[in-house]
Amino acid sequence: PAAMSRRVVRQSKFRHVFGQPVKADQMYEDIRVSKVTCDSSFCAVNPKFVAIIVESGGGGAFIVLPLAKTGRVDKNHPLVTGHTAPVLDIDWCPHNDNVIASASEDTTVMVWQIPDYVPVRNITEPVVTLEGHSKRVSIISWHPTARNVLLSAGCDNLVILWNVGTGEMLLALDDMHTDLIYNVGWNRNGSLLVTTCKDKKVRVIDPRKQQIIAEKTKPHDGTRPIRAIFVADGKIFTTGFSRMSERQLGLWDLNNFEEPIALQEMDTSNGVLLPFYDADSSIVYLCGKGDSSIRYFEITDEAPYVHYLNTYSSKEPQRGMGFMPKRGLDVSKCEIARFFKLHERKCEPIVMTVPRKSDLFQDDLYPDTPGPEPALEADEWLSGKDAEPILISLRDGYVPIKNRELKVVKKNILDSKPPPGPRRSHSTCDSDFSQPALEEVLEEIRALKETVQAQEKRISALENKLCQFTNGTD
């Protein structure tokens, strides 16, 4: 009889979370979503904008739409086009809703200021270009609590941390990964990174000490890509494949990385599962690229630790997925997550809701959540300080802040005195640069300017002649 009285059904306020697509007129139609083969999510959203990587002839581009601009997208809607090869990843700055970073096959990372109004023509000038990778850059991720700190990871197996406010490289983690990096994730306060790699290892890295503090070889036995993210209490959640090519999820404790807390098989589809985690509800949503469903699980302290909640299913496969930060959700409708599902030619928002009868603010669903204010400056973080995110209440909903300009102050290299002693960097510069030598250089520059101007005139004259020849034969 004792066994009979045991609760058969686990109590949880998230047991009945359900997903629903928005109505047809609330979608974003006629978008040529990128066809690049890359396991990134291709879509980034915040309370003001949705950004989507798109097809583009020659270079690389993404489109930015104000959230309210649903329906058909004008085919002449301006794009963000600065890269010379396809864009592989985009990420909105968590501390400024008008700033987005993009990573590209052209080896650069660019940071853009997006105006609140829709510009007339393409945005082609980034606020800053970050150059340091030698191969394509497929991953970017902003630091969760420090202002202007951006991480990039490239196919050169290199992870670089940048200070976007000065345009300089803060740290390069170069001897840690022996093969292609699949994904990188921050923990909640940005003191640690978790990475997955083609060498079948999951690594937990202290970026400032440049140390690997824990690693696990083959958390999943299969050969296909692994993904890893931090969840609550510093635990790590992974997705991967078994030896029999079944998709798996795993939950791990850093202090005992040998044995999983949980390891579950799911199905035998071959798409990589992208995990999206909501710390406020402790729910992980799994979206497979090429799948037509989103499965979601609640992570708790009681066995089996990862509890299956439900699956949102549809007919169309997803090409990518955007995940709205908590402050962009509609609390009056008990919305606890919103996804932006990419199809071949459109973007479809999918709303996850907890059914509640009351219209009042449900404070058990909405604990205070990270707001847009950074807790630290970049140099404070670099010097070793940590800070938890600064939280805001969603009781009255979140009102986006007006456009704040990202100012990049390049450090003047002339300010830093050369190191004492005979050490020469590759950009040698003699401090006893004589006056005559300087005059000579200036004279040479003047001569070059004149040559360029003469060439300009000559080219222009030749163009005119050419026009006369080809006139009417166009």
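Cut-off values and rules
- Residues numbered from 1 in each chain as written.
- Predicted model: local features only at pLDDT ≥ 70, side-chain atom pairs only at ≥ 80, totals over all residues.
- Heavy atoms only, no water.
- UniProt positions renumbered as here; feature names shortened; annotations may be inferred.
- Helix = DSSP H or I, 4+ residues; strand = E, 2+ residues; numbered from the N terminus.
- Buried < 20%, exposed > 50% of the residue type's maximum accessible area, 1.4 Å probe, protein only.
- Contact = heavy atoms within 4.5 Å.
- Areas by Shrake-Rupley, 256 points an atom, 1.4 Å probe, with all protein chains shown as cover.
- Lys, Arg positive; Asp, Glu negative; His and termini not counted.
- Charge placed at Lys NZ, Arg CZ, Asp CG, Glu CD.
- Pairing = 2+ DSSP bridges.
- Axes fitted to C-alpha atoms, helices over the stretch in contact; angles between N-to-C directions.
- Salt bridge = Lys/Arg side-chain N within 4 Å of Asp/Glu carboxyl O.
- Patch = residues over 30% accessible without salt bridge, like charges linked within 9 Å, V, L, I, M, F, W, Y side chains within 5 Å.
- Core = buried A, V, L, I, M, F, W, Y, C linked by side-chain atoms within 4.5 Å.
- Polar contact = N/O pair within 3.5 Å; in protein donor to acceptor, adjacent residues only side chain to side chain.
- Phe/Tyr/Trp six-rings, centres within 6.5 Å; stacked < 30°, edge-to-face > 60°.

An unreviewed UniProt entry lists the protein chain under the name Coronin, from Brachypodius melanocephalos. Checking UniProt for the protein chain, the heading Sequence similarities (unreviewed entry) contains the comment "Belongs to the WD repeat coronin family."

(A) Summary view of the overall build of the protein chain. When helices and strands are counted, the protein chain shows 2 helices and 32 strands. With respect to the principal axes defined by its C-alpha atoms, the protein chain has extents near 100 × 65 × 50 Å. In the protein chain, which comprises 474 residues, the proportion classed as buried is 49%. Considering only contacts within the protein chain whose residues lie at least 6 apart along the sequence, 52% involve residues at least 24 apart. Element-wise, carbon and sulfur atoms account for 50% of the exposed surface of the protein chain, whose accessible area totals about 24,700 Å². Averaged over its 58 positive side-chain charges, the protein chain has a centre that lies 4 Å from the centre of its 64 negative ones.

(B) Here's a closer look at the sheet that holds strand 10 (residues 108–113). In space, the 4 strands of this open sheet follow the order 8-9-10-11, with antiparallel pairing throughout. Strands with a single pairing partner mark the edges of an open sheet, and in this sheet they are strand 8 (87–92) and strand 11 (128–131). Pairwise comparison of adjacent strand axes, ignoring direction, gives a mean angle of 20 degrees for this sheet. With 4 bridges joining them, strand 10 and strand 11 adopt antiparallel strand pairing. Considered in strand 11, the bridge of Met110 is made with Thr129.

(C) Focus on the sheet that holds strand 25 (residues 283–288). In space, the 4 strands of this open sheet follow the order 24-25-26-27, with antiparallel pairing throughout. Sheet topology places strand 24 (273–278) and strand 27 (306–313) at the edges, where each strand pairs with a single neighbour. For this sheet, the mean inter-axis angle between neighbouring strands, taken without regard to orientation, is 25 degrees. Pairing between strand 25 and strand 26 (residues 293–299): 5 bridges, direction antiparallel. Bridging from a neighbouring strand, Val284 pairs with Phe297 of strand 26.

(D) Main features of the pattern of salt bridges. If you walk through the whole model with that rule in mind, you get 25 salt bridges. Close ionic contact of Asp233 with Lys235 constitutes a salt bridge, the shortest N to O distance being 3.9 Å. Its relative accessible area of 63% is what places Asp233 among the exposed residues. A relative accessible area of 18% means that Lys235 is categorised as buried. A salt bridge links Glu380 to Lys385; the shortest N-O distance between them is 3.2 Å.

(E) Summary view of the UniProt feature "coiled-coil region" (unreviewed entry) in the protein chain. The UniProt feature table records "coiled-coil region" (unreviewed entry) at residues 438–465. For residues 438–465, the helix share is 100%, the strand share is 0%, and the end-to-end C-alpha distance is 41 Å.

(F) The arrangement of a nonpolar patch on the surface in detail. There is a patch of nonpolar side chains on the surface, built from Leu438, Val441, Leu442 and Ile445 and spanning about 290 Å² of accessible area. Checked against the element boundaries, Ile445 lands in helix 2 (residues 435–470).

(G) Region of the structure containing the environment of Phe42. Position of Phe42 relative to the elements: it lies in the loop between strand 2 (28–29) and strand 3 (43–45). Taking the C-alpha atoms as reference points, Phe42 and Ile90, separated by 48 residues in sequence, lie 7.0 Å from one another. Beyond its immediate chain neighbours, meaning those up to four positions away, Phe42 contacts Val33, Ser34, Val36, Ala51, Ile52, Ile53, Leu88, Ile90, Lys289, Arg319 and Leu342.

(H) Fine view of the nonpolar core. By size, the foremost hydrophobic cluster in this structure holds 36 residues, and its most contacted members are Ile31, Val50, Ile52, Phe62, Ile114 and Phe340. Secondary structure elements with two or more residues in this core: strand 3, strand 4 (49–54), strand 5 (60–66), strand 8, strand 10 and strand 29 (335–342). Considering each element in turn, this core owes the most residues, 6 residues, to strand 4. Within the second largest apolar cluster, 24 residues are counted, among which are Tyr312, Ile336, Phe339 and Leu394.

(I) Highlighting the environment of Lys48. Of note, Lys48 is situated in the loop between strand 3 and strand 4. What makes Lys48 buried here is its relative accessible area of 13%. When the C-alpha positions of Lys48 and Cys93 are compared, they lie 12 Å apart, and in sequence the two are 45 residues distant. Setting aside anything within four residues of it in sequence, one finds Lys48 in contact with Leu65, Pro66, Leu67, Asp97, Asn98, Asp116, Pro400, Ile401, Lys402 and Asn403. Here Ile401 takes part through its backbone oxygen, which lies 2.7 Å from a polar atom of the side chain of Lys48.

(J) Quick look at the pairing of strand 4. Extensive coverage of strand 4 is indicated by the burial of 6 of its 6 residues. Side-chain alternation along strand 4 places Phe49, Ala51 and Ile53 on one buried face and Val50, Ile52 and Val54 on a second face that is also buried. Two strands pair when backbone bridges link them, and strand 4 and strand 5 are joined in this way by 6 bridges, in the antiparallel orientation. The residue bridging Val50 from the neighbouring strand is Leu65, located in strand 5. Where strand 4 folds back onto strand 5 in an antiparallel hairpin, the turn is made up of 5 residues, including Gly58, whose phi is positive at roughly 90 degrees.

(K) Here's a closer look at the packing of aromatic side chains. Evaluated as defined, the whole model comprises 13 aromatic pairs. For the ring pair Phe49 and Trp92, a centre distance of 5.4 Å and an interplane angle of 15 degrees mean the geometry is stacked. Taken together, the residues Phe49 in strand 4 and Trp92 in strand 8 connect sequence positions 43 residues apart. By relative accessible area, which is 3% here, Phe49 ends up buried. On the basis of relative accessibility, which here comes to 5%, the residue Trp92 falls in the buried class. Grouped by ring-pair contacts, the aromatic residues Phe276, Tyr285, Tyr296, Phe323 and Phe339 constitute a single cluster.

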